[in-house]
Amino acid sequence: MMHIVTDDCERSTQALALRTMKPRVSHDLFRERVRQVLTRSGLTYAGFARRAGLDRSTLSQLLTGPMPRLPRAETLVQIARTARVSVDWLLGLSQRSEMETEIIEAVMRFEPYGQSPAEDPYLGWVKAAQGLRICTVPASFPDLLKNETVLRTEFPEAFAVPRGNAVEAVAQRLDILRQPYQQHEVANSREAFIGFAAGAGRWSVLDAATRRTALEHMTAITEELYPSFRVYLYDSGTTFSAPFTVFGAQRVAVFLGPSYLLLNAASHVEMFARRFDDLIRGAVVQPHEFAGFLKDLTGRVG
């Protein structure tokens, strides 16, 4: 189906397209759809025409004139933009009324990252996907494995008044995982946990005893929640993945640092689900081995 674009530089093309399509367009349907958008806008003829930059008489002629006709391309574009509908829908060439930008926003948009679990929209997506398979590749390792000391180290601003408490947000995620029929799978690099145990990078501020306690906490959570919570570890020396989460068939959230890229199209969800399955197929530590892996790390700290 031909799609009519609305960029000013394409107007000559639109005019040709309109002439070409006239035999296929129902004037009655065009009039009915313009009446629909007028009703939906809550504006009078004069108010809508003023907002669209049209003469009231032009709009009136299109809707009530004795000689049914399509408007000029420029007029059609002005009506579509003002009503926030597609030109194709106005002409009866499509059943989809959204503008192209709104169609894009429906399948892809950005969501700000709240800088801590307490402000992160992630929890809302987890709640919406309860009972579905949730597959995640975290930026470091799963927040729900972190005790309060680790959370305070990573997200100090989350504990500042009057902002929310990251511990509460993590507790809510744990509560969801404790409910029946949950499926939460994690693909993580083995080196993320090795680096934590060694006090590498940001974790250098934590002494050996604190890191051991944190690893013991991770082990306890893992043993409690397995098998509904399963962690696969891959070798970051041979495998790389950007952080992302697949929430069942609902959406994918790709973590970009200051924001998430949300993808809702079925093809995007399927693509990232396949990528996740590729990661876990190459795992060097399987879920039933993960608690033992943590215990071994704990024994080697300090």
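Per an unreviewed UniProt entry, the chain carries the name Helix-turn-helix domain-containing protein and comes from Prosthecodimorpha staleyi.

### Some points on helix H14 (residues 287-300)
Structural remark: α-helix, 3.6 residues per turn; residues separated by three or four positions point the same way. Taking 1.5 Å as the rise per residue, H14 with 14 residues should run 20 Å; its terminal C-alpha atoms sit 21 Å apart, in good agreement. Within H14, burial applies to Pro287, Phe290, Ala291, Phe293, Leu294, Leu297 and Thr298. Looking down the long axis of H14, one finds its buried residues gathered within 160° of arc, a one-sided arrangement. When the buried face of H14 is taken as reference, the exposed residues oriented beyond 90 degrees from it are His288, Gly299 and Arg300. Taken together, the buried residues of H14 touch helix H11 (190-198), helix H12 (208-225) and strand E4 (229-234). In the stretch just after H14, Gly302 is the one whose phi turns positive, near 65°.

### So, the packing of aromatic side chains
The relative placement of two aromatic rings is captured by the distance of their centres and the angle of their planes. If you walk through the whole model with that rule in mind, you get 13 aromatic pairs. Note on Trp125 and Tyr260: the rings are 5.1 Å apart at their centroids and 85° apart in plane angle, and the pair reads as edge-to-face. With a gap of 135 residues between them, Trp125 in helix H8 (residues 122-128) and Tyr260 in strand E7 (residues 259-263) connect regions that are remote in the sequence. Per residue, the accessibility class of Trp125 equals that of Tyr260, and both read buried. Measuring from centroid to centroid gives 5.0 Å for Phe244 and Phe272, while their planes differ by 65°, and the two rings are edge-to-face. Taken as a pair, Phe244 in strand E5 (residues 244-247) and Phe272 in helix H13 (residues 266-281) lie far apart in primary sequence, 28 residues in all. The pair formed by Phe244 and Phe272 is uniform in burial state, with each residue classed as buried. Aromatic rings pair up to connect Tyr113, Tyr122, Trp125, Phe247, Phe255 and Tyr260 into one cluster. It is Lys146 that lies over the ring of Phe141; its NZ or CZ is 5.0 Å from the centre.

### Topic: the side chain of Thr136
In this fold, Thr136 is placed in strand E2 (residues 133-137). Here Thr245 takes part through its side chain, which lies 2.7 Å from a polar atom of the side chain of Thr136. Not counting chain neighbours up to four residues away, the residues in contact with Thr136 comprise Tyr122, His184, Glu185, Val186, Ala187, Phe244, Thr245 and Phe276.

### Here we look at the sheet that holds strand E1 (residues 108-112)
Strand order across the open sheet formed by 7 strands is E1-E7-E6-E5-E2-E3-E4, with mixed pairing between neighbours. Looking at strand neighbours, the two that pair on one side only are E1 and E4, the edges of this open sheet. Between one strand axis and the next, the sheet turns through 15° on average, direction left out of account. In this structure, E2 lies alongside E5, joined through 4 bridges in antiparallel fashion. What sits directly across from Val137, in E5, is Phe244.

### Notes on the pairing of strand E3 (residues 183-189)
Of all 7 residues in E3, 6 are buried, a share of seventy percent or more. Two strands pair when backbone bridges link them, and E2 and E3 are joined in this way by 4 bridges, in the parallel orientation. Paired with Thr136 across the two strands is Val186, which belongs to E3. Pairing of E3 with E4, which is carried by 6 bridges, proceeds in the parallel orientation. Across the sheet, the residue bridging to Asn188 is Leu233, located in E4.

The rules we used
Throughout, residues of each chain are indexed from 1 in the direction in which the sequence is written. Restriction of local features to residues with pLDDT of at least 70 applies here, the model being predicted, together with a cutoff of 80 or more for giving and counting side-chain atom pairs; totals for whole chains, interfaces and linings are based on all residues. The side-chain values count all of the structure's non-hydrogen atoms but skip hydrogen atoms and water molecules. Only runs of H or I of at least four residues qualify as helices and only runs of E of at least two qualify as strands under DSSP, and these elements are numbered from the N terminus. The span one expects for a helix is its residue count, reduced by one, times 1.5 Å. When a residue's accessible area, from a 1.4 Å probe over protein chains only, is under 20% of the maximum for its type it is buried; when over 50% it is exposed; and in between it is partly exposed. Taken from the helix axis, the directions to the C-beta atoms give the arc we talk about. Residue contacts are counted whenever heavy atoms from the two residues lie within 4.5 Å of one another. Ring pairs are drawn from Phe, Tyr and Trp, using the six-membered ring of Trp, whenever the two centres fall within 6.5 Å, and their geometry is named by plane angle: stacked under 30 degrees, edge-to-face over 60, tilted for the rest. Only lysine NZ and arginine CZ atoms are considered, and such an atom sits over a ring when it is within 6 Å of the ring centre and within 35 degrees of the ring normal. Polar contact is defined as a pair of N or O atoms within 3.5 Å, subject to the rule that within protein one atom must be able to donate a hydrogen and the other to accept it, and that residues adjacent in sequence are counted only when both atoms are side-chain atoms. The criterion for strand pairing is that DSSP finds at least two bridges linking the strands in question. Here an angle of 0 to 180 degrees is reported between the N-to-C directions of two axes, which are lines fitted to C-alpha atoms, with helices fitted over the stretch in contact.

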